[in-house]
Amino acid sequence: MAAPRASTDTSSGAKRAPRTIGWLLLAPLLLWLLAFVVAPTAILFVYSFCQRDELGQVVFSFTGGNYARILDPVYLGIFGRSLWYAALTTALCLVIGYPVGYYIGRSPPARRSLLLLLMMIPFWISFLLRTYAWISLLKGEGLVSSLLQGLHLLAGPLDILYTPTAVVLGLVYTYLPFMILPIFTSAEKLDHSMIEAALDLGAGPVRAFTQVIIPLTKPGIFAGVLLVFVPSIGMFAVTDLMGGAKVPMIGNVIQNQFGQARDWPFGAALGITFLALFAVAFWFLHDRGAEGRR
Amino acid sequence: MSADPSPPGAESALAARAASSKLNPNVQNHPDTQLEWEFRLTPLPAMPAMPAAGAPVSTETMVELRGVTKRFASVTAVDAVDLTIRKGEFLTLLGPSGCGKTTLLRLLAGFEIPTTGQILIEGQDVSNIPPYRRDVNQVFQSYAIFPHLTVEENIAFGLKMRHVPLAERCARVEEALALVSLAGLGKRRPHELSGGQRQRVALARALVCRPKVLLLDEPLSALDAKLRHDMQLELKQLQRQLGITFVFVTHDQEEALIMSDRIAVIHRGRIDQLGTATEIYHAPASAFTADFIGEANLLDGDIVSSNGVTALVRLDEGVEVTVRAAALRPGSTRALLSIRPEKIYITRTKPAKDNCFKGAIENEIFRGAMDELRIRVAHNLQLMAMVANESAHEHAWHKGDTVYCAIHTDDIVVVEQK
Amino acid sequence: MKNYLGSLFALGLALGAALDVSAAKKEVNLFGWSEYVPQAVLDQFEAETGIKVNYETYASNEEMLSKLLGGAAEFDLVQPSEYVVEALAAKGKLEPIDFANIPNIKNVAPEFLRQPHDPEQKYSVPYMAGTVGIVVNTAKVKEPVAGMADVFSGKYKDRIVALNDNREILTWALRVVGRDINTISPEAIAAARPVLAKWLPQIKVYDSDSPKTALLNGDVDIGVVWSGEAALLYQEDKKFAYVLPQEGAHLWIDSLVIPKGAPHKADAEKFINFILRPEVSVLISADFPYTNPNAEARKLLSAEQLANPASYPPPCKLETFHDIGKAAALVDKLITDLKGGS
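As the structure is a computational prediction, the values presented were derived from the model and not from experiment.

The next subject is the overall build of chain B. Scanning chain B for helices and strands turns up 9 helices and 20 strands. Expressed as a percentage of the 418 residues in chain B, the buried residues total 56%. Within chain B, residue pairs in contact and separated by at least 24 positions form 68% of the contacts whose partners lie at least 6 positions apart. Looking at chain B as shown, the accessible area adds up to about 17600 Å², and 52% of this sits on carbon and sulfur atoms.

Put into structure tokens, the structure is as follows:
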């Protein structure tokens, strides 16, 4: 019905043109999303209902068994622990990253660029190299250990490497910039007169911070929390390398299914579950965030 | 200015000073009126609901600045300022951007700490007291309305910080909303308000705290001209009604003239002149003030003679003018004179008075209510005059007309002399 | 004159070879473990035969399987471990090797032939072998360590590195409880569980890729590791002793196989035969100190190479792995659970 009407109505044709251009401009993005997000997720979804054969190949005989397996306390426990580690990492990143991001955001432009550059420099080095550098720093006979013992702050060798502490340290180190950057962006946009208005109205520094600065940088906090929390749940390299692969996280379990265990359908089911949980959490958080801003 | 045919030089530069273009419409002038010095309206706008400028305020001191200086690195923003602000006074800090008026306001608010000098509020030294412990509130230029709070929450913010009990808080918020004519809009979010409404929220938020001094940092600059003028009147009314001391910062001289009890003209971190609107307008004490407030023809000349009543000054352009001798100090030889353009009376026939110059209209500029005329009275002297707009009238002035410019001796102000 | 003719003949041959190469582009696609085939061996093979070897690598059997079975690339030679050879053969994914083209098979020591994973020696030729055993830093550990029971006696809590390989870990416990390491049943797992529940909390770090790092860094004193890692540690410092657990050890054999439908099967067999030459095989041993299954090559090894206990350990009860198929899920769950509980 719409097509013939549009062809006779020139004005609606003229209106349509920018929309066509809009879609054309969006096309690369949409294709990208389709090819690298939608398609793999769809494949994963289908796999999650399949089975594996003796060689670990995916067999298309459908079952809900993979999801039933997730409900096994073994894997539920790991889900729980992964959430706890990710939450701890996020909290630490927020506590450490907020002042840094805020400070950078409120710095004069010249210093701001320098600080941002300094923060980016580690990214030029491969993630694995940086993690191995941490291992050699933290090892029992490493630099930190020797230093602390030399200063008589520590009696024996440092015993952090291959412990949960090292895992959290590694996670915080890895994801801290993802907390700092969005908070920096929010802080940079924060109108200084808002802070002055709060002080002027009788709020001391603490209350100005909690009543005005935090609510106004909430978008940055929200983005930072998501950017840190989500990938740290799925992280497996840090747990393997710095944690000595002792405490499996959901990322390790998934990785294992696609590696050693060669159980892609189960791995896919774990991945899809993880995705669904994240979607629910995002929807919940975002809804609340939006409500706060409205 | 560009029409000035004389070669550029020191003399023409002086004449050029007269050519600034600020609006001062509240003067009527008629080309046909026989010259009557008495026929003049006050240059101040006579607003119906407005108390006359300089109406009695308390003589008690609210704020005192003693030798306050503020330096930022190598820049001295405020330079040894002494200022006394009276209780219930509407004081305006007026000056061009970068003159230090905003820094002065920030010093009063507590956002800056003086490098040297003292700030006293009701006799108490507050120089080092942080803003959140001063009984001073500010209306910010950007309004700084908290976007995450409703109108009510914004207004209640200061009361909450001061731990005012909930019931009283609610009552005072309602009262403040009514005061700024926003009753019923308390639940709105700031982004749902117009610019003028936000301005009122900012005002209510500051007033609800009942500050000893209300600081206003160019609060009207973001409003359109019409709304702005209404707000000027309303704000002045409100100040009178509440009796709160207002310190108002603006770069708009007209706004300052309309609203202020007293105006402090700030120039390069110092107070150039402090006085009522009429004093500042009619008796500018410096070339800067004369030029900055309203418009002026500024003319330099030698004092040639004096008979005790009038004195003769020969302008550097060669023209002689008569001024009141009382305006001159004994022994002065040079004087800088200021003549307001609306004080120059234009006639087609020669009036029998002092200070009458024949000239030709070089330019006629339509400025709405007024016509601005540029009249060449000597080969290197051009005067700027303002007359009521008569363009549509048969007596309208035209470019090339030969006219007489008459200036009353009393209207020639000696701004500087040495 | 004869000399002159000879030169001309040689030139003709060379030209012919060159033309042949440009016309046919002879090549073999080898999909092997990373750091397993010395470049010198590949270069020598190409110089001799004109066949170029394209060496693509993987880091685990599972990674190899994904790529091989995914069917994206066409490989002529792969280097799976014994249990993977078994699984691939059972699924019909391998070409039978024409041993008429591999006369050098005679060089391989008999104990590496006709093993359970290829009982008729139809699909595979042993490349390198090794064991999983115990490395002891004798500078720190003074008491003798003879088996897994000693390692996990409780004395070395948080001083142990172990392979991060679920099936290997399970195997150690199965031996201690006297089970067959290739029978993975819920019942066998239940039997091994209490043992592992006691052992795993004693482990400081799991690392399959480079377990020697933790030992060299001094973060641990004992390791249950691949013999290749142990051999490298021994080369580094003689204080790292290698012991095959008295309970028995896993003997792994990596073999060369030809996947089904390989495009250059004949040339692949040429390469296998080339590798089995003693003088070529020693080149591999020189770079990678695993156990060389080539008996003739061993005769050419130096005394020092043969003295490395990790490469050539004293006789012990050794067993290869069989494919366990879907039972891998049980192993995965067990180890994940026990690690999580620690």
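Across chain A, the average pLDDT comes to 87, with 91% of residues at 70 or higher. For residues 1-14 of chain A, every residue scores under 50 in pLDDT, and the model assigns this stretch 2 contacts once sequence neighbours within four places are set aside.

Residues and elements named next belong to chain B. Taken in spatial order, the 4 strands line up as E2-E1-E4-E5 in an open sheet, and their pairing is antiparallel. Across the chains shown, the open sheet's two edge strands, defined by having one partner strand only, are strand E2 (75-86) and strand E5 (124-125). Sheet topology note: the strand E1 (residues 61-72)/E2 ladder contains 8 bridges and is antiparallel. Along E2, the bridge assignment pairs Phe72 with Val75. Lying over the sheet, helix H2 (residues 101-109) contacts E1, E2 and strand E4 (116-121), oriented at roughly 120° with respect to E1.

Let us now look at the interface of chain B and chain A. By a frequent convention, interface size equals the accessible area lost on bringing the separate parts together. On the side of chain A, 21 residues touch chain B, which itself brings 24 residues to the contact. When the two sides are added together, the surface that chain B and chain A hide from each other amounts to roughly 1900 Å², 61% of it contributed by carbon and sulfur. Taken as a group, Tyr132, His148 and Met161 of chain B account for 32% of the area that chain B buries against chain A, more than any other trio of residues on that side. Counting across the chain B and chain A interface gives 1 salt bridge. One salt bridge in this structure joins Glu196 of chain A and Arg106 of chain B, with 2.6 Å as the shortest N-O distance.

The next subject is the pairing of strand E12 (residues 310-315) of chain B. Residues and elements named next belong to chain B. Here E12 shows one buried face, formed by Ala311, Val313 and Leu315, and one open face, formed by Thr310, Leu312 and Arg314. As paired elements, strand E11 (residues 297-306) and E12 share 5 bridges and run antiparallel to each other. Directly across from Gly301, in E12, lies its bridge partner Leu315. Linking E11 back to E12 in an antiparallel pair, the connection comprises 3 residues, with Gly308 at a positive phi of about 90°. Between E12 and the antiparallel strand that follows it, strand E13 (residues 320-324), lie 4 residues; Gly318 among them carries a positive phi value of about 100°.

Residue and element names in this part refer to chain B. Strand order across the open sheet formed by 6 strands is E6-E7-E8-E3-E9-E10, with mixed pairing between neighbours. Lying at the two open borders of the sheet, with one neighbouring strand each, are strand E6 (136-139) and strand E10 (270-275). Averaged over neighbouring strand pairs, the angle between their axes works out to 20° when direction is ignored. Alignment of strand E3 (residues 90-94) against strand E8 (residues 245-250), held across 5 bridges, turns out to be parallel. For Thr92, the partnering residue across the bridge sits in E8 and is Phe248. Set on the sheet, helix H6 (residues 225-242) makes contact with E3, strand E7 (213-217) and E8; between it and E8 the angle comes to about 155°.

A surface patch of nonpolar side chains, about 1100 Å² in accessible area, is lined by Trp23, Leu26, Leu29, Leu30, Leu31, Trp32, Leu33, Leu34, Phe36, Val37 and Val38 of chain A. When you line up the elements, Leu30 of chain A lands in helix H2 (residues 10-47).

Okay, the nonpolar core next. With 130 residues, the main nonpolar core has Leu65, Leu93, Phe146, Ile155, Phe157, Leu203 and Leu214 of chain B as its most contacted residues. At 12 residues, the largest contribution of residues to this core is made by helix H8 (residues 164-189) of chain A. Setting aside residues up to four positions removed in sequence, Phe146 of chain B forms contacts with Met194, Ala197, Ala198, Leu201 and Val212 of chain A together with Asn154, Phe157, Pro190 and Arg205 of chain B. Counting 95 residues, the second largest nonpolar core, distinct from the first, contains Leu69, Ala109, Val145 and Phe288 of chain C.

Moving on: the interface of chain C and chain A. Contacts between the two partners involve 33 residues from chain C and, on the opposite side, 32 residues from chain A. In terms of surface lost to chain A, no three residues of chain C exceed Lys204, Asn217 and Lys326 of chain C, which account for 19% of the buried area on that side. Between Lys91 of chain C and Asp53 of chain A there is a salt bridge, and its shortest N-O distance comes to 3.7 Å. For the interface between chain C and chain A, the tally reads 16 residue pairs in polar contact (both at pLDDT 80 or more). Secondary-structure elements contributing two or more residues to the side of chain C that touches chain A are helix H3 (61-70), helix H4 (82-90), strand E6 (203-206), helix H8 (212-217) and helix H14 (328-341) of chain C. A per-element tally of the side of chain C that touches chain A places H14 of chain C first, with 8 residues.

Residue and element names in this part refer to chain A. Two numbers describe how helix H9 (residues 192-200) lies on helix H10 (residues 205-216): the axes approach to 9 Å, and their chain directions differ by 145°. When the axes of H9 and H10 are compared, the crossing they make is right-handed. Where H9 approaches H10, its residues Met194, Ile195, Ala198 and Leu199 are matched on the opposing element by Pro205, Ala208, Val212, Ile213 and Leu216. Of the residues belonging to the contact of H9 with H10, the class tally is 9 nonpolar, no polar and no charged.

Another point: the domain arrangement of chain B. The domain architecture assigned to chain B consists of domain 1 (61-282) and domain 2 (295-417). Placing the centre of domain 1 of chain B and that of domain 2 of chain B at their C-alpha centroids yields a distance of 39 Å.

On to the pattern of salt bridges. Under the defined criterion, the tally for this structure stands at 44 salt bridges over all chains. In this structure, Glu362 of chain B engages Arg376 of chain B in a salt bridge whose closest nitrogen and oxygen atoms are separated by 2.6 Å. Of the two residues, Glu362 of chain B sits in strand E16 (residues 356-367) while Arg376 of chain B sits in strand E17 (residues 370-378), which places them 14 residues apart along the sequence. The pair formed by Glu362 of chain B and Arg376 of chain B is uniform in burial state, with each residue classed as buried. When the shortest N-O distance is used, the salt bridge between Arg179 of chain C and Glu187 of chain C registers 2.7 Å. We classify Arg179 of chain C as partly exposed; its relative accessible area is 32%.

Turning our eyes to something else, we now look at the environment of Met120 of chain A. Residue and element names in this part refer to chain A. Relative to the helices and strands, Met120 resides in helix H5 (residues 109-120). Classification of Met120 by relative accessible area gives partly exposed; the value is 30%. C-alpha of Met120 to C-alpha of Val95: the two residues are 25 residues apart in sequence and 20 Å apart in space.

Here we take up the side chain of Ser332 of chain B. All names here are of chain B. Relative to the elements of secondary structure, Ser332 occurs in the loop between E13 and strand E14 (334-339). Given the relative accessible area of 12%, Ser332 is considered buried. A polar contact of 2.9 Å, which involves the side chain of Ser332, links it to the side chain of Gln417. Not counting residues up to four positions away in its chain, the partners in contact with Ser332 are Ile303, Gln417 and Lys418.

The next thing to look at is the packing of helix H6 (residues 166-176) of chain C against helix H7 (residues 186-199) of chain C. Helix-helix packing is characterised by the crossing angle of the two axes and by the distance between the axes. Residue and element names in this part refer to chain C. Packing of H6 against H7 brings their axes to within 9 Å, and their N-to-C directions diverge by 105°. Between H6 and H7, the angle falls in the class roughly perpendicular. Here Ile169, Leu170, Trp172, Ala173, Leu174 and Val176 of H6 come into contact with H7, specifically with Ala188, Ala192, Val195, Leu196 and Trp199. Residues of the contact of H6 with H7, tallied by class, amount to 11 nonpolar, no polar and no charged.

The next subject is helix H11 (residues 278-287) of chain C. For H11 of chain C, the set of buried residues is Pro278, Val280, Ser281, Val282, Ile284 and Ser285 of chain C. At its buried positions, H11 of chain C is contacted by helix H2 (39-49), strand E4 (124-137), helix H10 (265-275), helix H12 (295-298) and helix H13 (303-307) of chain C.

Definitions and limits used
Here the residue numbering is sequential within each chain, running from 1 through the sequence in written order. Lettering of chains starts at A and numbering of ligands starts at 1, both following the order in which they are written. Local features are withheld for residues below a pLDDT of 70 in this predicted model, meaning they are given only at 70 or higher, and side-chain atom pairs are given and counted only at 80 or more; totals for whole chains, interfaces and linings count all residues. Side-chain figures throughout are based on the complete set of non-hydrogen atoms in the structure, without hydrogens or water. Here a strand is any run of E in DSSP of at least two residues, a helix any run of H or I of at least four, and the numbering for each starts at the N terminus. Three labels apply to residues, based on accessible area from a 1.4 Å probe with only protein chains included: buried if under 20% of the type maximum, exposed if over 50%, partly exposed otherwise in between. A contact between two residues is defined here by any heavy atoms of the two lying within 4.5 Å. Reported accessibility uses the Shrake-Rupley method at a 1.4 Å probe radius. Residues are deemed covered only where the shown protein chains occlude them. Every residue gets a pLDDT, meaning the predictor's confidence in that residue, from 0 to 100. When DSSP locates at least two bridges between a pair of strands, those strands are taken to pair. Here, axes are lines fitted to C-alpha atoms. For helices the fit covers the stretch in contact, and angles between N-to-C directions go from 0 to 180 degrees. Buried area: the accessible area, evaluated with a 1.4 Å probe, that two parts lose upon being put together, summed over both parts. Salt bridge, as applied in this entry: a Lys or Arg side-chain nitrogen positioned within 4 Å of an Asp or Glu carboxyl oxygen. Patches in this entry comprise residues that are over 30% relatively accessible and not in a salt bridge; like charges within 9 Å are linked, as are nonpolar side chains (Val, Leu, Ile, Met, Phe, Trp, Tyr) within 5 Å. What we call a nonpolar core is a set of buried Ala, Val, Leu, Ile, Met, Phe, Trp, Tyr and Cys residues that are connected through their side-chain atoms within 4.5 Å. Whenever a nitrogen or oxygen atom comes within 3.5 Å of another N or O atom, the pair is scored as a polar contact, on the condition that within protein one atom can donate a hydrogen and the other can accept it, and that pairs from neighbouring residues in sequence are kept only if both atoms are in side chains. Rotating anticlockwise by less than a right angle from the far helix to the near helix defines a left-handed crossing, while the corresponding clockwise rotation defines a right-handed one. The residue classification treats Ala, Val, Leu, Ile, Met, Phe, Trp, Tyr, Cys and Pro as nonpolar and Asp, Glu, Lys and Arg as charged. All others, Gly included, are polar. In this document the domain limits rely on a domain assignment from an automatic tool or a database. Small angles under 35 degrees read as roughly parallel and large ones over 145 as roughly antiparallel, with 65 to 115 read as roughly perpendicular and the rest as oblique.

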